[in-house]
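Listed here are the chains, written in short residue letters.
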Amino acid sequence: MRIDILTLFPAMCEAVVSESVIGRARQAGKVEINCIDIRDYTLDKHRRVDDKPYGGGMGMIMAPQPIYDCFQSLCSEIGSKPHLIYLTPQGKTLTQERVKELSKLDNIALLCGHYEGIDERVIEELQPEEISVGDYVLTGGELPALIVADAVSRMLPGVLSDDECFEEESHFNSLLEYPQYTHPSEWNGRTVPDVLLSGHHANVEKWRREKSLQRTLERRPDMLENAELTKKDREFLSNLKKE
C-alpha cells in the first residue's frame with residue numbers, strides 16, 4: 001500500500017512515520033509512506049501558500065493552486081488518482097471500521113490543512129473524503145493525518161507480527177479491550193487475577209471476553225449495538241445489567 005501525506009510540514013510527519021512499528025514496516029517494504037511538501041508546488045517566488053480570507057476575519061487561508069498542483073503531480077506520478085482524504089473537524093469521525101476499509105485500498109493521499117483552513121474551491125474541485133479524528137480543533141491536519149496513516153498501516157499484512165495483535169484490541173470488534181498485566185505478579189499490594197496465572201487457556205479466554213464485555217457496557221455501551229455477540233455474551237451482559 002502507498003500512503004502520501006500532503007503537508008506544509010513534511011519533516012514533522014517524517015519524524016513520526018520513521019519510528020516504531022510503522023518505521024520498521026516502511027524499511028521492510030510493507031507500506032510506502034511519502035511526506036510531500038505542498039510548498040514545492042506554489043507559483044509564489046517567496047513560497048507562500050496562504051493569504052488573507054475574503055470578507056475579512058482572523059488568520060490565513062491556504063490557497064487552492066499549490067494544493068491542486070501538488071495532488072495533480074501525485075496523480076501523474078502514480079498513474080492513477082489515489083483516494084484523497086482531507087483531515088478536517090467537519091468530516092465524519094474516524095472509526096475502526098473505516099480504517100479496515102481504507103487498508104484494503106492500494107493508494108490513499110492525506111491532505112493536511114493548516115492556518116484557518118483551505119480555500120473551498122479546491123475542496124469542490126478535488127472532492128476528497130472528509131475525516132475528523134474527534135470533536136476538537138488542532139493547529140493543522142498533520143497529527144490527524146499521522147493517526148490515519150498509523151491506524152491504516154498496522155492493519156496491513158506483515159506490519160504486525162500476527163493478526164491477533166490488532167484483532168483483540170479496543171474497537172476492532174466493537175468492544176473495548178480487556179485489562180492487561182505483566183510482571184511482577186504483585187505490585188504495590190495489587191495482584192494479577194488468579195485466572196491469568198492458572199495456565200488454563202479456556203478459562204483465560206472466557207475471563208478476557210467477559211472483561212471486554214463488562215468494560216464496554218460500563219464505558220462505551222453505545223458500541224455494543226455494532227458488536228457481534230453470541231448468546232452467551234448476551235446472557236452475561238443481561239446478568240450484569242441486573243446487578
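Above: the structure in question.
Residues numbered from 1 in each chain as written. Predicted model: local features only at pLDDT ≥ 70, side-chain atom pairs only at ≥ 80, totals over all residues. Heavy atoms only, no water.

## Comments concerning the nonpolar core
Counting residues in each nonpolar core, the largest one holds 27 residues, and the members touching the most others are I3, I5, I33, L87, L110 and V148. Elements represented by at least two residues in this core include exactly β1 (2-7), α1 (10-17), α2 (20-27), β2 (32-37), β5 (83-93), α4 (96-102), β6 (107-112) and α6 (142-153). By residue number, the principal contributor to this core is α6, which donates six residues. With residues up to four places along the chain from it excluded, the contact list for I5 reads C13, I33, N34, C35, I36, L110, C112, A145 and L146. Grouped together as the second largest cluster of nonpolar side chains are 19 residues, V49, Y86, L111 and I118 included. (Core = buried A, V, L, I, M, F, W, Y, C linked by side-chain atoms within 4.5 Å. Buried < 20%, exposed > 50% of the residue type's maximum accessible area, 1.4 Å probe, protein only. Helix = DSSP H or I, 4+ residues; strand = E, 2+ residues; numbered from the N terminus. Contact = heavy atoms within 4.5 Å.)

## Details of the sheet that holds β1
Pairing is parallel in the open sheet, where five strands are placed in the order β2-β1-β6-β5-β7. This sheet does not close on itself; its edge strands, each paired only once, are β2 and β7 (129-132). With strand direction ignored, the average angle separating the axes of adjacent strands in the sheet is 30 degrees. Judged from the five bridges that link them, β5 and β7 form a sheet pairing that is parallel. Residue pairing across strands places L87 opposite I131, the latter belonging to β7. Sheet strands touched by helix α3 (residues 64-78): β1, β2, β5 and β6. Its angle to β1, the strand with the most contacts, is close to 160 degrees. (Pairing = 2+ DSSP bridges. Axes fitted to C-alpha atoms, helices over the stretch in contact; angles between N-to-C directions.)

## A closer look at the side chain of T42
Residue position: T42 is located in the loop between β2 and β3 (50-51). You can call T42 buried: its relative accessible area is 13%. A distance of 3.2 Å separates a polar side-chain atom of T42 from the backbone nitrogen of D44. Setting aside residues up to four positions removed in sequence, T42 forms contacts with R47, R48, V49, Q65 and P66. (Polar contact = N/O pair within 3.5 Å; in protein donor to acceptor, adjacent residues only side chain to side chain.)

## A word on α1
Looking at α1, one finds that the buried residues are P10, C13 and V17. End-on, the buried residues of α1 take up no more than an arc of 65 degrees, which puts them together on one face. Buried-residue contacts for α1 involve β1, α2, β2 and α6. (Arc of directions from axis to C-beta.)

## Overview of the pattern of salt bridges
All chains considered together, the criterion is met by 15 salt bridges. We note a salt bridge from R121 to D119, for which the minimum N-O separation is 2.7 Å. For D119, a relative accessible area of 15% puts it in the buried group. Here K206 makes a salt bridge to E210, at a shortest N to O gap of 2.8 Å. (Salt bridge = Lys/Arg side-chain N within 4 Å of Asp/Glu carboxyl O.)

## Focus: the environment of L197
Structurally, the position occupied by L197 is in helix α8 (residues 194-197). Distance in space between the C-alpha atoms of L197 and S185 is 8.6 Å, their sequence separation being twelve residues.

## Looking at α3
Along its 15 residues, α3 runs 21 Å from first to last C-alpha, staying within 8% of the 21 Å computed at 1.5 Å per residue. Those residues of α3 not exposed but buried are P66, I67, C70, F71, L74 and C75. Immediately beyond the C-terminal end of α3, within one or two residues, lies G79, with a positive phi of roughly 95 degrees. (Expected span 1.5 Å × (residues − 1).)

## Remarks on the packing of α1 against α6
For any two helices packed against each other, one specifies the inter-axial angle together with the distance between the axes. Between α1 and α6, the least distance of the axes is 10 Å, while the angle of their chain directions is 30 degrees. Considering their axes alone, α1 and α6 lie roughly parallel with respect to each other. The handedness of the crossing between α1 and α6 comes out as right-handed. Taken together, the residues of α6 that come into contact with α1 (itself represented by M12, C13, V16 and V17) are E142, L143 and L146. The class makeup of the residues in the contact of α1 with α6 is six nonpolar, no polar and one charged. (Parallel < 35°, antiparallel > 145°, perpendicular 65-115°, else oblique. Left-handed = near helix turned anticlockwise from the far one by under 90°. Nonpolar A, V, L, I, M, F, W, Y, C, P; charged D, E, K, R; others polar.)

## Regarding the side chain of D50
Looking at where D50 falls in the secondary structure, it is placed in strand β3. Within the buried core, D50 has no salt-bridge partner, and the shortest N-O distance to an opposite charge, that of R48, equals 4.2 Å. Once residues within four sequence positions are removed from consideration, D50 is found in contact with M60, I61, M62, A63 and Y115. (Lys, Arg positive; Asp, Glu negative; His and termini not counted.)

## Thoughts on unusual backbone geometry
A cis amide bond, omega 5 degrees, links H183 with the succeeding residue P184. You can see P184 is positioned in the loop between α7 (164-167) and β8 (186-187). Even without being a glycine, Y115 presents a positive backbone phi close to 55 degrees. Checked against the element boundaries, Y115 lands in the loop between β6 and α5 (120-126). Taking relative accessible area as the criterion, Y115 reaches 32% and is therefore assigned partly exposed. Phi is positive for N188, close to 50 degrees, though the residue is something other than glycine.

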